Amino acid sequence: SIESSNGGALLEVLQLAAEAPEDLAKLIRESPLAAIVDVPADPSFKARSHSSNQLPFVFAHGMGDSCFNPGMKRITKDTAAHVGVYGTCIPTGNNIITDTINGFLLTMDKSVDVFAEKIRADPKLAGGFNAVGFSQGNSLIRGYIQKYNDPPVNAVIHVHGTVSGVSGFPQCNPAKSIICRAVADACGDAAYNPLTQGLLFQVDYFRDPSKVSTNSYKKFSQLGEWNNEGETTNSTYATNFGKTNAFVMVKALGDTMVFPNEGEWWGHFKDGSKKEILTMNQTAWYTNDMFGLRTADEAGKIHFETTAGNHLQFTEEQLFGWVDKYIVA
């Protein structure tokens, strides 16, 4: 039970969700884990006339953010206008409160299923689309590509993404935030059991290098299952991964949110270590091509970009540059 796994903060959060969702959404937005897009508009921005030969754009937001927030609304609208196509941000809740809370309390797998359902319900996306993810929204897009990819993602721009998972939340002090306490509770010794993996989105992409060889990780980790590190192998993940033509991996060089930072480029800690960091092509999921990453790289589909600052510190001008370089060109 949650009580027996030192989950007082988790219980309090679940109670808030039931009794005072507006208060919980505010706590999530104000927590150190929040990754909210609020970039300055590009001063040289000019909308293009409608382009009939470009696919629409789908956006996925980070933890604590929402498709209904002004920052996500503007960047979706401006990027679509920059290319001259339809653009939409896909929420996992139907209003700002539920969309914010679901980025915390809806599991990673369930979030992907809701994301896919909403994509498939939009006739303007039926012919495929390009995707842009921010922070945790990249886990949504990765999951969609591996589990569905129909309609297909042509190209994805992963901005400061949690695609490889994280091994900790160093900026999140449990003493200062109930949200951080809840995450710390969930990511403790009981992180890899069906109860805990069914509670928080963040614990589902928590990858503890000291536990990846344990039976509990292999049996219950949602990220482990996506990586084909688990007890069974799903060959459709590689097939679906291969349907996407470009993966643009954008790393924030000063990132204090995604730990290790190399995870934004498909790297991670070496198994058993929280000091030695592996680059993408040193990881087992690359060398063993566990979900199609090496095949995609050998086909020239993986691209790397950087930004100078911290998590989600980028400009519209930079985003439009990546769009023009890898998608519109």
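Parameters and conventions
- Residues numbered from 1 in each chain as written.
- Predicted model: local features only at pLDDT ≥ 70, side-chain atom pairs only at ≥ 80, totals over all residues.
- Heavy atoms only, no water.
- Axes fitted to C-alpha atoms, helices over the stretch in contact; angles between N-to-C directions.
- Helix = DSSP H or I, 4+ residues; strand = E, 2+ residues; numbered from the N terminus.
- Parallel < 35°, antiparallel > 145°, perpendicular 65-115°, else oblique.
- Contact = heavy atoms within 4.5 Å.
- Expected span 1.5 Å × (residues − 1).
- Buried < 20%, exposed > 50% of the residue type's maximum accessible area, 1.4 Å probe, protein only.
- Arc of directions from axis to C-beta.
- Pairing = 2+ DSSP bridges.
- Left-handed = near helix turned anticlockwise from the far one by under 90°.
- Nonpolar A, V, L, I, M, F, W, Y, C, P; charged D, E, K, R; others polar.
- Phe/Tyr/Trp six-rings, centres within 6.5 Å; stacked < 30°, edge-to-face > 60°.
- pLDDT = per-residue confidence, 0-100.

Colleague: Help me out: how do you make sense of the packing of helix α1 (residues 8–19) against helix α2 (residues 21–30) in this one?
Modeller: Two elements in contact, α1 and α2, have axes separated by 6 Å at closest approach and are oriented at 130°. With respect to each other, α1 and α2 are oriented oblique. Between α1 and α2, the contacting residues are Val-13, Leu-16, Ala-17, Ala-18 and Glu-19 on the first element and Pro-21, Asp-23, Leu-24 and Leu-27 on the second.

Colleague: Please explain α1 as it appears in this structure.
Modeller: Since the α-helix advances by 3.6 residues per turn, residues separated by three or four positions end up pointing in the same direction. In a regular helix each residue adds 1.5 Å, so twelve residues correspond to 16 Å; α1 covers 16 Å between its end C-alpha atoms and thus fits that length. Those residues of α1 that fall on the buried side of the exposure criterion are Ala-9, Leu-10, Val-13 and Leu-16. Mapping the buried residues of α1 onto a view down its axis gives an arc of 120°, with all of them on the same face. Turned more than 90 degrees off the buried face of α1, the exposed positions are Ala-18 and Glu-19. The secondary structure elements touched by the buried residues of α1 are α2, α4 (96–105) and α7 (178–186).

Colleague: Would you take a moment to explain helix α3 (residues 70–83) for this structure?
Modeller: Between its first and last C-alpha, α3 extends 20 Å over 14 residues, near the 20 Å set by a 1.5 Å rise per residue. Regarding α3, the residues found buried are Gly-71, Met-72, Ile-75, Thr-76, Asp-78, Thr-79, Ala-80, His-82 and Val-83. Turning to α3, the residues buried within the fold contact β1 (57–60), β2 (87–89), β3 (129–134) and α15 (316–328). Gly-84 occupies a position one or two residues after α3 and carries a positive phi of about 85°.

Colleague: I'm lost on the sheet that holds strand β4 (residues 153–159) in this one. Help?
Modeller: In sheet architecture, strand pairing relies on hydrogen bonds along the backbone and comes in two forms, parallel and antiparallel. Judged by pairing direction, the sheet is parallel, and its six strands sit side by side in the order β2-β1-β3-β4-β5-β8 without closing on themselves. Every interior strand has two partners, whereas the edge strands, β2 and β8 (302–307), have only one. Averaged over all neighbouring strand pairs, the angle between strand axes comes to 15°, with direction disregarded. Looking at chain direction, β3 and β4 are connected through five bridges and run parallel. Across the sheet, residue Phe-129 finds its bridge partner in β4, namely Val-153.

Colleague: Looking at this structure, I do not really get the packing of α1 against α7. What am I missing?
Modeller: Where α1 contacts α7, the two axes come as close as 7 Å, and the packing angle between them is 125°. Judged by the angle between their axes, α1 and α7 are oblique. Of the two possible hands of crossing, α1 and α7 adopt the one that is left-handed. Across the interface between the two elements, Gly-8, Ala-9, Leu-10, Glu-12 and Val-13 from α1 touch Ile-178, Ile-179, Arg-181, Ala-182, Asp-185 and Ala-186 from α7. For the contact of α1 with α7, the class distribution of residues is seven nonpolar, one polar and three charged.

Colleague: What am I meant to see in the packing of aromatic side chains here?
Modeller: The description of two aromatic rings rests on the distance between their centres and on the angle between their planes. Inspection of every chain in the model, using the stated rule, returns 16 aromatic pairs. Between Phe-169 and Phe-206 the ring centres are 6.3 Å apart and the planes differ by 25°, which places this aromatic pair in the stacked class. Taken as a pair, Phe-169 in the loop between β4 and α7 and Phe-206 in the loop between α9 (201–204) and α10 (215–220) lie far apart in primary sequence, 37 residues in all. With a relative accessible area of 15%, Phe-169 lands in the buried category. Both rings, one in Trp-266 and one in Phe-291, keep their centres 5.6 Å apart while their planes meet at 45°; by these two values the pair is tilted. Residue Trp-266 is found in the loop between β5 (246–252) and β6 (268–269), and its partner Phe-291 is found in the loop between α13 (284–287) and α14 (293–298); the two are separated by 25 residues along the sequence. On the accessibility criterion, Trp-266 (1% relative accessible area) is buried. Here a set of aromatic residues connected by ring pairs shows up, and it is made of Phe-59, Phe-134, Phe-314 and Trp-322.

Colleague: What should I look at first to understand the confidence of the model for the chain in this one?
Modeller: Should the pLDDT be low somewhere, the predicted coordinates at that spot are not to be read in detail. Here the chain averages 94 in pLDDT, while 98% of its residues score no lower than 70. Low confidence marks residues 1–5, where pLDDT is under 50. Its contacts with residues over four positions away, or in another chain, come to ten contacts.

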